[in-house]
Amino acid sequence: MDTLSYKTLTPNAANVERNWVVVDATDQVLGRLCAKVALILRGKNKPSYSPNIECGDNVIIINADKVRLTGKKWTDREYLSYTGYPGGQRTATPEIMMKKSLNKHVKPGYHPLFTKVMKGMLPKNRMGRAIIENMHVYNGPNHPHEAQNPVVIDINKIK
């Protein structure tokens, strides 16, 4: 009997196929959008998903400045950060974090609000810290990743 025909193939870092996708954030709710992007970053939408392998796609989010929040969350929600020093707890609202993303000194592709939301949806270990590097967020419709031939996907079709 041929036993090679029914062996289970487990993915590893060498044979994982990683693509580039573009997601348009225009008029999308921030939390729902980030939950679907986290699914793509992890690779859970692929049949070759393995929880111990980084097998997700690279995601480019455009029009991040047109994302929306429901209710009064722009001003009432507070995100905490800690500097490491006594009395160093800082609070920021989504409105303040969105203004920080418009600063010209912020690294291109980095968005403080999206990064804060996405970190809560990814694993809290070294793999989660590596996965968040595969997300690139831009406020306008342009991005510098055209050489990677990204595929535009409709985020509303993903469940």
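This structure is a prediction, so every number in the text was calculated from the model and none was measured.

Tallied over the entire structure, the rule returns two salt bridges. One salt bridge connects Glu54 with Arg18, and the closest N-O pair in it is separated by 3.5 Å. Linking Glu54 in the loop between α1 (30-42) and β2 (58-62) with Arg18 in the segment before β1 (20-24), this pair joins segments that are 36 residues apart in sequence. Among the residues examined, Arg18 registers a relative accessible area of 32% and is labelled partly exposed. Across the salt bridge formed by Asp57 and Lys46, the nearest N and O atoms sit 2.8 Å from each other. In this pair, Asp57 sits in the loop between α1 and β2 while Lys46 sits in the loop between α1 and β2, placing the two residues eleven residues apart along the sequence.

What follows is about the packing of α1 against helix α4 (residues 112-119). The axes of two packed helices give the description: the angle between them and the distance between them. With their axes 10 Å apart at the nearest point, α1 and α4 run at an angle of 65° to one another. Compared by their axis directions, α1 and α4 come out roughly perpendicular. Between α1 and α4 the crossing geometry is right-handed. On the side of α1, the interface is formed by Leu30, Leu33, Cys34, Val37, Ala38 and Leu41, while α4 contributes Leu113, Phe114, Val117 and Met118. Among the residues forming the contact of α1 with α4, the class breakdown is ten nonpolar, no polar and no charged.

So, how was this worked out
- Residues numbered from 1 in each chain as written.
- Predicted model: local features only at pLDDT ≥ 70, side-chain atom pairs only at ≥ 80, totals over all residues.
- Heavy atoms only, no water.
- Salt bridge = Lys/Arg side-chain N within 4 Å of Asp/Glu carboxyl O.
- Helix = DSSP H or I, 4+ residues; strand = E, 2+ residues; numbered from the N terminus.
- Buried < 20%, exposed > 50% of the residue type's maximum accessible area, 1.4 Å probe, protein only.
- Axes fitted to C-alpha atoms, helices over the stretch in contact; angles between N-to-C directions.
- Parallel < 35°, antiparallel > 145°, perpendicular 65-115°, else oblique.
- Left-handed = near helix turned anticlockwise from the far one by under 90°.
- Contact = heavy atoms within 4.5 Å.
- Nonpolar A, V, L, I, M, F, W, Y, C, P; charged D, E, K, R; others polar.

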